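Structural overview
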Amino acid sequence: MQQISVGEILAAVQGKLLFGDAEQMVHAVETDSRSCTFGMLFVPLIAARDGHDFIEKALQSGAEGTLCSRIPEQFIEGKFYIRVNDTRLALKALASWYRDRFQIPFIQITGSVGKTTTKEMIAAVLAEHFNTLKTDGNFNNDIGVPKTLFCLMPEHEVAVVETGMNHFDEICYLGEMVRPDIAVISNVGDAHIENLGSREGILKAKCEIFENLKKTGFAVLNGDDALLNTVDLDVPVYRCGESAACNVRVEHVSDRGIDGISCAVRTEKDIYEVDIPAPGRHMIYSAAMAVIIGEKLGMAHEEIVAGVAHYEPTGERMHLIRKENGALILSDCYNANPQSMAAAIRTLAKSGCGKRIAVLGDMGELGPISEQAHYDMGVCCADEDIDVVVAIGEKSIKIADGASEHGCKEVRWYTAKEEAYGELEDLLEKDTAILIKASHAMRFQEIVEQLTKN
């Protein structure tokens, strides 16, 4: 972050200086008192715990000053205190003000499945030509998006910002900070349907991204998504996919299992033969979206192709781990919903290993469709001829039911992951692929850690 003065912060957040000097400077913004160091502005947020209780700790750790909606009993000499009505809204206002310093293309991404994958793919392509800022990990909420924007520096030439949501108005709230030149929706699925009521509700929530899209900008959408194909906008729309309606057409798809995907992406201007170094047919959408964005931003053909080839998955998203005995672990346990779990099962089926094991856990926030969605995942395992299905969690008993009732020969169910550790280790033999997949709350990364100890 570039240095900014207390006076500039006051103007941005419409605050009142209670104590300190308007000439003081900060070079970073932090919401966690444990991470505060010299030169930072501390923003105490009110959540499960009230950040105002940690103002003194943050300042003693080196923070130059703080925002506050609750006035501290005493002030520390040499520090500054700015009063605001709401620290969360002040954080948003400051991030929005700081974003205005940069006249570069901003790309905002949302979607039910694959937001982070799409963000990483677009950033990989753009990085071949531009100094690119991207969201770190999946810091895509009302705290993560401001932190991403505060990372902007004069050398950055483009910003790729991921935005997530689980309620109405969240994407709009985040978009008011990002104000994108390019709006991307990866797809509309069932994630968070418990809060949004229906897939049509999810579509409405995702389409909030267009409320802050610049009139000179454009949209990039999944052209094979039936709901997204109902979207009509007053800006150019690039629909990416295999269907005839797509103006960014994916052709000649070759699925090499765990070795990745190759395909051709045809635009109105060019044809790009790309090699995606990650498994899963769904990767064609992220690649096609990155291709058209790179093309529209003036990148050369060779740069775009190289960028796709340089894509790397992040976090626990289809991370491939090869054991010394030749067994393969497909760690895809960052999160899960019906669309991403089905895609992961299909990837497991194409692993090329002689024995394929699916270790599947509960999916959250599915509301009234939860039982059927879990059951369908068991059916998907049967359809893909998965050899062993291990379902873990209260909701996942329906996965076990779907798998056993549709022909899977070996199905096991456990209430907790710890119960399965021993048997999973015994199953992980040579020429075996094992998929680990569940919602983040299930903490299935602990299964991966257990299986990779030796």
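Structure shown above.
Here the structure is a predicted model, which is why all the values come from computation and not from measurement.

1. Things to note about the overall build of the protein chain
Looking only at helices and strands, the protein chain features 15 helices and 22 strands. On C-alpha atoms alone, the protein chain measures out to a radius of gyration of 24 Å, which is about the 22 Å that the 2.2 N^0.38 rule sets for 454 residues. Overall, the C-alpha framework of the protein chain stretches about 70 × 55 × 45 Å when taken along its three principal axes. Look at the contacts in the protein chain between residues 6 or more apart in sequence, and 63% of them connect residues 24 or more apart. Carbon and sulfur atoms make up 46% of the accessible area of the protein chain, which totals about 19,000 Å². Positive and negative charge centroids in the protein chain, built from 44 and 69 side chains respectively, lie 1 Å apart.

2. Side note on the environment of K437
With respect to the helices and strands, the residue K437 is situated in strand 22 (residues 432-437). Of the residues examined, K437 reaches a relative accessible area of 3% and is grouped as buried. Each C-alpha atom of the pair K437 and G298 lies 38 Å from the other, and the pair is 139 residues apart in sequence. Not counting chain neighbours up to four residues away, the residues in contact with K437 comprise D332, C333, N335, A336, S340, M341, A344, V359, L360, G361 and F444. A distance of 3.0 Å separates the side chain of K437 from the side chain of D332, its partner in a polar contact.

3. As for the nonpolar core
By size, the foremost hydrophobic cluster in this structure holds 50 residues, and its most contacted members are F210, M341, I345, L360, C381, I386 and L435. It is helix 11 (residues 338-349) that provides the largest number of residues to this core, a total of 6 residues. Excluding residues within four positions of it along the chain, I345 makes contact with L360, M377, C380, C381, E384, I386 and L435. Judged by nonpolar contacts, the second largest core, of 40 residues, contains V184, I261, M299 and Y311.

4. Side note on the side chain of K92
Looking at the element boundaries, K92 is found in helix 3 (residues 87-99). Of the residues examined, K92 reaches a relative accessible area of 16% and is grouped as buried.

5. Structural notes on the sheet that holds strand 7 (residues 80-83)
Across the sheet, 5 strands lie side by side as 2-7-6-5-4; this open sheet has mixed pairing. This sheet does not close on itself; its edge strands, each paired only once, are strand 2 (16-19) and strand 4 (28-30). The average angle at which neighbouring strand axes cross in this sheet is 30°, direction not considered. In this sheet, strand 7 lies alongside strand 2 in antiparallel orientation, the contact comprising 3 bridges. When the sheet's bridge partners are listed, L17 is paired in strand 7 with I82. On the sheet, helix 1 (residues 6-13) packs against strand 2, strand 5 (40-42), strand 6 (65-68) and strand 7 and is oriented at approximately 10° with respect to strand 7. Sitting on the sheet, helix 3 is in contact with strand 4, strand 5 and strand 6, with an inclination near 120° to strand 6.

6. What about the sheet that holds strand 17 (residues 319-322)?
Strand order in this open sheet of 6 strands is 17-18-22-19-20-21, and the pairing throughout is mixed. At either margin of the open sheet sits one strand with a lone partner, and together these are strand 17 and strand 21 (410-414). Taking each pair of neighbouring strands and ignoring which way they run, the sheet shows an average axis angle of 15°. Two elements, strand 17 and strand 18 (residues 328-331), share 4 bridges in a ladder whose sense is antiparallel.

7. Description of the pattern of salt bridges
Taken as a whole and assessed by the stated rule, the structure comprises 22 salt bridges. Across the pair E120 and K119 runs a salt bridge whose closest N-O atoms are separated by 2.6 Å. One exposure class covers both E120 and K119, and it is buried. Linking E423 and R412 is a salt bridge whose minimum nitrogen-to-oxygen distance equals 2.3 Å. Separated by 11 residues along the polypeptide, E423 in helix 14 (residues 421-427) and R412 in strand 21 bring together distant segments of the chain. A single network of salt bridges, built from pairs that share partners, joins K417, E418, R443 and E446.

8. Quick notes on the packing of aromatic side chains
Scanning all chains against the criterion turns up 6 aromatic pairs. Ring geometry for F19 versus F75: centroids 5.1 Å apart, planes at 20°, classification stacked. Highlighted residues: F19 in strand 2 and F75 in the loop between strand 6 and strand 7, separated in sequence by 56 residues. Judged by relative accessible area, F75 falls into the partly exposed class, the value being 31%. The interplanar angle of 50° and the centroid separation of 4.6 Å between the aromatic rings of F75 and Y81 together place this pair among those described as tilted. Through a chain of ring-to-ring contacts, the aromatic side chains of F19, F75 and Y81 assemble into a single cluster. Above the plane of the ring of Y173 lies R88, whose end atom (NZ or CZ) is 4.2 Å from the centre. The lysine or arginine in question, K92, covers the ring of Y173, its NZ or CZ lying 4.3 Å from the ring centre.

9. A few points about the pairing of strand 7
Relative to strand 7, strand 6 is paired through 4 bridges, and the arrangement is parallel. Bridge pairing in strand 7 places L67 opposite I82.

10. Some remarks on the packing of helix 1 against helix 3
Where helix 1 contacts helix 3, the axes come no closer than 8 Å and their chain directions differ by 110°. For the element pair helix 1 / helix 3, the angle class is roughly perpendicular. The crossing of helix 1 and helix 3 is right-handed. Of the residues in helix 3, those in contact with E8, I9, A12 and V13 of helix 1 are A90, A93, L94 and W97. Here the residues of the contact of helix 1 with helix 3 sort into 7 nonpolar, no polar and 1 charged.

Quick notes on the rules
Residues numbered from 1 in each chain as written. Predicted model: local features only at pLDDT ≥ 70, side-chain atom pairs only at ≥ 80, totals over all residues. Heavy atoms only, no water. Helix = DSSP H or I, 4+ residues; strand = E, 2+ residues; numbered from the N terminus. Rg over C-alpha atoms; globule rule 2.2 N^0.38 Å. Contact = heavy atoms within 4.5 Å. Areas by Shrake-Rupley, 256 points an atom, 1.4 Å probe, with all protein chains shown as cover. Lys, Arg positive; Asp, Glu negative; His and termini not counted. Charge placed at Lys NZ, Arg CZ, Asp CG, Glu CD. Buried < 20%, exposed > 50% of the residue type's maximum accessible area, 1.4 Å probe, protein only. Polar contact = N/O pair within 3.5 Å; in protein donor to acceptor, adjacent residues only side chain to side chain. Core = buried A, V, L, I, M, F, W, Y, C linked by side-chain atoms within 4.5 Å. Pairing = 2+ DSSP bridges. Axes fitted to C-alpha atoms, helices over the stretch in contact; angles between N-to-C directions. Salt bridge = Lys/Arg side-chain N within 4 Å of Asp/Glu carboxyl O. Phe/Tyr/Trp six-rings, centres within 6.5 Å; stacked < 30°, edge-to-face > 60°. Lys NZ or Arg CZ within 6 Å of the ring centre and 35° of its normal. Parallel < 35°, antiparallel > 145°, perpendicular 65-115°, else oblique. Left-handed = near helix turned anticlockwise from the far one by under 90°. Nonpolar A, V, L, I, M, F, W, Y, C, P; charged D, E, K, R; others polar.

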